[in-house]
Amino acid sequence: PSSHSSTRKVTTMKELDEKLNYKSRTAVETQTAWKAPIMWEGMWDPLVYDRVHMENQSSVALTVFAIGRYLDAYLKTFLVSAEKHFMIGLPVIYYVFTDQPNKVPLIELGPHRYIRTIKVERHSRWQDICMMRMKTISDLIETELQHIFSHVFCFDVDQKFTGRFGSEALGDSVALLHAHYYKLPKNRFTYDRNPKSKAYMETGDYYYHAAVFGGNWQNVKKLADECLANIMEDKNNNVEALWHDESHLNKYFWLHKPTKLLSPEYCWDNYLNKKDILVTRLEWAVKNYEKLRTE
Ligand code: 2GW
Ligand code: MN
């Protein structure tokens, strides 16, 4: 058939978000002041999102770091659970950054799902392990990701997928509401309050969690570059932001508003009371700080 014979309108990804049912949840905020959706269970039809993203040929790269003891402790559970719940139906590539490539577990992958292990140096300070992820992510997008995968999601490894984390989470610039702060007043947010740091901020919109962020590759590149530049400027000035890369991420999303927010369903801490949480999609792993952080 010629292109003229098709009368079915192709839905764009933007139109999908405009059709979200913002009124389906009443006890929680479902839209920001700048009209970005906050994604809570019940607001969308997952099948419609999947169909439109398949038609638009969306594809997703996931980045995760497993350095030192975090590899044995968390990586296998993270990947195996992602194969059950993360962006099922879309092409996915996992980029695993580690100092021990030969220890990355072999896991069974679904069709159109790939894994790529890339060796990185291990920074001696854990703060640098966290912060320097921004450099690695930026380099990856520059050298091989751009133009190939439409979207990028960056994750902490110390977590496990437990429910659908699907195409509804895709957007141009995506931030996650931190489970511990989404109900707290702004004066409790732990932004960096040191005027000497580039992450310094007096007030903000929300407290975002650095365990999950994403967007199209262009925006994730901008985010990583700007956070990295600020981290390096802090290093030159001998200051370090309170919560490291997370403080810089919060500053970035204050200056450049995300186009989509994920509710804490997308990264839940089971230690908390589940009152507003109808489904947990990703859960914090139990952490043995003593064992993981001492050398
Ligand atoms: C991190 C802290 C202390 C000791 C070790 C590490 C560590 C982190 C490591 O030895 N190996 C490693 O691979 N990582 C990676 O960095 C791993 O992917 C991990 O999930 C991520 C962030 O570290 P994590 O999960 O221990 O930090 P959290 O859960 O306390 O996370 C928040 O705050 C961090 C900054 O302090 C980051 O912003 C993180 O994204 C936040 O979720
Ligand atoms: Mn973590």
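Structure report, in brief.

The rules behind each value
- Residues numbered from 1 in each chain as written.
- Chains lettered and ligands numbered in written order.
- Predicted model: local features only at pLDDT ≥ 70, side-chain atom pairs only at ≥ 80, totals over all residues.
- Heavy atoms only, no water.
- Donors = N, O, S within 2.8 Å, 3.2 Å for Na, K, Ca; no water.
- Buried < 20%, exposed > 50% of the residue type's maximum accessible area, 1.4 Å probe, protein only.
- Pairing = 2+ DSSP bridges.
- Helix = DSSP H or I, 4+ residues; strand = E, 2+ residues; numbered from the N terminus.
- Contact = heavy atoms within 4.5 Å.
- Axes fitted to C-alpha atoms, helices over the stretch in contact; angles between N-to-C directions.
- 1 Å grid on protein atoms, 1.4 Å probe; cavity = no way out; pocket = protein on both sides within 12 Å on 5 of 7 lines; lining within 4 Å.
- Points joined across faces, edges and corners; volume = space filled by probe spheres on them.
- Nonpolar A, V, L, I, M, F, W, Y, C, P; charged D, E, K, R; others polar.
- Core = buried A, V, L, I, M, F, W, Y, C linked by side-chain atoms within 4.5 Å.
- Parallel < 35°, antiparallel > 145°, perpendicular 65-115°, else oblique.
- Left-handed = near helix turned anticlockwise from the far one by under 90°.
- Right-handed = clockwise from strand over helix to strand, strands pointing away.
- Expected span 1.5 Å × (residues − 1).
- Near = heavy atom within 4 Å.
- Polar contact = N/O pair within 3.5 Å; in protein donor to acceptor, adjacent residues only side chain to side chain.
- Areas by Shrake-Rupley, 256 points an atom, 1.4 Å probe, with all protein chains shown as cover.

This next bit is on the coordination of the manganese ion (ligand 2). In this structure, Asp-156 (OD), Asp-158 (OD) and Asp-158 (OD) serve as the protein donors to the manganese ion (ligand 2), at separations of 2.2 to 2.4 Å. With respect to burial, Asp-156 and Asp-158 carry one shared label: buried.

Here we take up the sheet that holds strand β8 (residues 208-216). Taken in spatial order, the eight strands line up as β1-β9-β7-β8-β5-β2-β3-β4 in an open sheet, and their pairing is mixed. Across the chains shown, the open sheet's two edge strands, defined by having one partner strand only, are β1 (38-39) and β4 (113-119). As paired elements, strand β2 (residues 60-66) and strand β5 (residues 151-155) share five bridges and run parallel to each other. Considered in β5, the bridge of Val-64 is made with Phe-155. Across the sheet, helix α5 (residues 133-145) lies against β2, β3 (92-98), β4, β5 and β8, angled at about 140° from β2, the strand it touches most. Of the strands in this sheet, β7 (173-177) and β8 touch helix α7 (residues 245-255), which is tilted by about 50° from β8.

Further remarks concern empty space enclosed by the protein. Applying the stated criterion across every chain, the model contains one cavity of 30 Å³ or more. Within this model, the largest cavity holds a volume of roughly 60 Å³. Residue assignment for the lining of the largest cavity shows that the elements contributing at least two residues are β2, α5, β5 and β8. Partitioned by chemical class, the residues of the lining of the largest cavity number eight nonpolar, one polar and three charged.

With 82 residues, the main nonpolar core has Phe-86, Met-87, Phe-153, Phe-155, Phe-165, Val-212 and Leu-262 as its most contacted residues. With residues up to four places along the chain from it excluded, the contact list for Met-87 reads Val-60, Val-92, Arg-113, Phe-153, Phe-165, Gly-166, Ser-167, Ala-169 and Leu-170.

Two numbers describe how helix α6 (residues 217-236) lies on α7: the axes approach to 10 Å, and their chain directions differ by 125°. The angle between α6 and α7 falls in the class oblique. The two elements α6 and α7 cross, and the hand of that crossing is right-handed. Where α6 abuts α7, its residues Asn-219, Lys-222, Leu-223, Glu-226, Cys-227, Asn-230, Ile-231 and Asp-234 lie against Asp-245, His-248, Leu-249, Tyr-252, Phe-253 and Leu-255. Each residue belonging to the contact of α6 with α7 can be placed in one class, and the counts come to seven nonpolar, three polar and four charged.

In terms of residue burial, β3 counts as a mostly covered element, since seven of its seven residues are buried. Because side chains alternate across β3, one face comprises the buried residues Val-92, Tyr-94, Val-96 and Thr-98, and the other comprises Ile-93, Tyr-95 and Phe-97, equally buried. Pairing of β2 with β3 involves seven bridges; the strand directions are parallel. Residue pairing in the sheet places Val-64 in a bridge with Val-96 of β3. With helix α3 (residues 70-85) bridging β2 and the parallel β3, this β-α-β connection has right-handed handedness. Alignment of β3 against β4, held across seven bridges, turns out to be parallel. Among the inter-strand pairings, Val-96 is bridged to a residue of β4, identified as Thr-117.

What follows concerns α3. Taking 1.5 Å of rise per residue, 16 residues should cover 22 Å, and α3 covers 21 Å from first to last C-alpha, within 8% of that figure. Of all the residues in α3, the buried ones are Tyr-70, Leu-71, Tyr-74, Leu-75, Phe-78, Leu-79, Ser-81, Ala-82 and Glu-83. Just past α3, the residue Met-87 takes up positive phi, approximately 50°.

Another aspect to go through is the site of ligand 1. What surrounds ligand 1 is a group of 20 residues, the closest being Phe-65, Ile-67, Tyr-70, Arg-133 and Asp-156. Here an oxygen atom of ligand 1 and a backbone polar atom of Ile-67 are 2.8 Å apart. Taking Asp-158, its side chain carries an N or O atom lying 3.0 Å from an oxygen atom of ligand 1. The fraction of the free accessible surface of ligand 1 (730 Å²) that becomes covered by protein chains is 93%.

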